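Single-letter residue listing:
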Amino acid sequence: MNLQKPISLCFTKESKNKVYFRNASGSYYRLFLIKPPTITIKGEKVLSTTLKEKNINVNSKIFVASLSSNLFHWFWVAFSDNYHITSKEFEYFKLELKYLDNNKKLINLCDSIMEDYEKNSSIRIEQDMRKGLKREVQIFEPRKSKSIIDEIDKVLAEHYGFSDEELDFIINYDIKYRMGRELDSD
């Protein structure tokens with residue numbers, strides 16, 4: 001029995017379960033979040049224009065953990081334009097999230113990665129010269145959370161029935177570029 005369904009089936013018009021992500025990215029990590037990053041203009045919190053909010057009908061922590069995985073990164077590199085996250089990626093990435101809905105490991109890993117993202121984030125001051133506005137933008141460094149991401153992949157490998165070799169490939173895919181200089185420091 002094939003339990004894998006497009007994750008696009010998780011999207012709904014209204015729900016208390018929400019996820020946030022940038023639809024364009026210049027980094028080696030796709031950033032999925034439970035709550036939006038902090039952006040402040042003139043003391044008021046605003047949402048980034050590149051940030052997407054989606055309502056979903058599954059546990060948002062399972063969704064965020066699954067899409068924060070190296071597996072989703074590999075999929076995105078192989079099948080996307082390598083810059084945007086579009087409906088096409090959600091249509092073709094298959095995972096039975098309802099089957100994973102009560103997976104305590106993924107829920108705990110999502111909590112861990114959100115805490116780690118927050119701990120490793122910083123606030124960058126940006127000046128919009130055209131509008132004369134100063135923005136304070138929360139910046140994340142997901143590569144610092146790679147060990148947690150690897151643990152997410154171990155849970156997903158069980159779900160998909162990956163061999164040890166397949167899991168090793170997914171965890172180490174593109175690692176030279178994703179980790180950069182941190183990889184050289186070991």
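It should be emphasised that the depicted structure is a prediction, and the values quoted were computed from it without experimental measurement.

**Student:** Run through the overall build of the chain, naming residues and quoting values.
**Tutor:** Within the chain one finds nine helices and seven strands. For the chain, the C-alpha radius of gyration of 17 Å lies close to 16 Å, the compact-globule estimate for 186 residues. Along the first, second and third principal axes, the C-alpha set of the chain runs to 55 × 45 × 30 Å. By the burial criterion, 42% of the 186 residues in the chain qualify as buried. Just so you have it, the chain exposes about 10,800 Å², and 49% of that area is on carbon and sulfur atoms. Here the chain holds 30 positive side-chain charges and 28 negative ones, and the gap between their average locations is 7 Å.

**Student:** Residues and numbers for the pattern of salt bridges, please.
**Tutor:** Summed over all chains, the structure comprises ten salt bridges. A salt bridge links Lys88 to Glu89; the nearest nitrogen and oxygen atoms lie 3.9 Å apart. Lys88 gets classed as partly exposed once you look at its relative accessible area, which sits at 36%. Lys119 is the partner of Asp116 in a salt bridge, and the nearest nitrogen-oxygen pair spans 3.3 Å. In this pair, Asp116 and Lys119 both sit in helix H5 (residues 104-119), three residues apart, roughly one turn of the helix. For Asp116, a relative accessible area of 12% gives the class buried. A single network of salt bridges, built from pairs that share partners, joins Arg124, Glu126 and Arg135.

**Student:** Would you mind going over the side chain of Asn70 in detail, with residue names and values included?
**Tutor:** The topology assignment puts Asn70 in helix H2 (residues 70-79). Its relative accessible area of 0% is what places Asn70 among the buried residues. Reaching out from Asn70, the side chain makes a polar contact with the side chain of Asp150 at a distance of 2.9 Å.

**Student:** Would you mind going over the sheet that holds strand E4 (residues 44-45) in detail, with residue names and values included?
**Tutor:** The sheet built from four strands is open, its strands ordered E4-E3-E7-E6 with antiparallel pairing. Strands at the two margins of the open sheet, each flanked by one partner only, are E4 and strand E6 (122-128). In the sheet, strand E3 (residues 39-41) pairs with strand E7 (residues 133-139) via three bridges, with the strands oriented antiparallel. Looking across to E7, one finds that Ile41 is bridged to Arg135.

**Student:** Outline the packing of aromatic side chains, supporting the account with residue identities and numerical values.
**Tutor:** Enumeration according to the criterion identifies 13 aromatic pairs in this entry. Ring centres of Phe11 and Phe90 lie 5.0 Å apart, and the angle between their planes is 90 degrees; on these two criteria the pair is classed as edge-to-face. Note that Phe11 is positioned in the segment before strand E1 (18-22) and Phe90 in helix H3 (residues 87-92), a separation of 79 residues in sequence. Centre to centre, the rings of Phe72 and Phe93 are 5.0 Å apart; their planes meet at 90 degrees, and the pair counts as edge-to-face. With a gap of 21 residues between them, Phe72 in helix H2 and Phe93 in the loop between H3 and helix H4 (97-100) connect regions that are remote in the sequence.

**Student:** Pulling in residues and values, what's your account of the pairing of E7?
**Tutor:** Bridge analysis of E6 against E7 gives seven bridges, and the strand direction is antiparallel. Bridged to Arg124 within E7 is Val137. Two successive antiparallel strands, E6 and E7, enclose a turn made up of four residues, where Gly132 displays a positive phi of approximately 70 degrees.

**Student:** How would you explain the state of the cysteines if you had to name every residue and give the values?
**Tutor:** Summed over the entire model, instances satisfying the criterion amount to zero disulfides. For Cys10, which is in no disulfide, the shortest distance to another cysteine sulfur is to Cys110 and amounts to 14 Å. Using a relative accessible area of 0% as the deciding quantity, one classes Cys110 as buried.

**Student:** Pulling in residues and values, what's your account of a negative patch on the surface?
**Tutor:** Together, Asp164, Glu165, Glu166 and Asp168 line one region of the surface with negative charge. Along the chain, the position of Asp168 falls in helix H7 (residues 164-172). On the basis of relative accessibility, which here comes to 46%, the residue Asp168 falls in the partly exposed class.

Conventions used here
Residues numbered from 1 in each chain as written. Predicted model: local features only at pLDDT ≥ 70, side-chain atom pairs only at ≥ 80, totals over all residues. Heavy atoms only, no water. Helix = DSSP H or I, 4+ residues; strand = E, 2+ residues; numbered from the N terminus. Rg over C-alpha atoms; globule rule 2.2 N^0.38 Å. Buried < 20%, exposed > 50% of the residue type's maximum accessible area, 1.4 Å probe, protein only. Areas by Shrake-Rupley, 256 points an atom, 1.4 Å probe, with all protein chains shown as cover. Lys, Arg positive; Asp, Glu negative; His and termini not counted. Charge placed at Lys NZ, Arg CZ, Asp CG, Glu CD. Salt bridge = Lys/Arg side-chain N within 4 Å of Asp/Glu carboxyl O. Polar contact = N/O pair within 3.5 Å; in protein donor to acceptor, adjacent residues only side chain to side chain. Pairing = 2+ DSSP bridges. Phe/Tyr/Trp six-rings, centres within 6.5 Å; stacked < 30°, edge-to-face > 60°. Disulfide = S-S within 2.5 Å. Patch = residues over 30% accessible without salt bridge, like charges linked within 9 Å, V, L, I, M, F, W, Y side chains within 5 Å.

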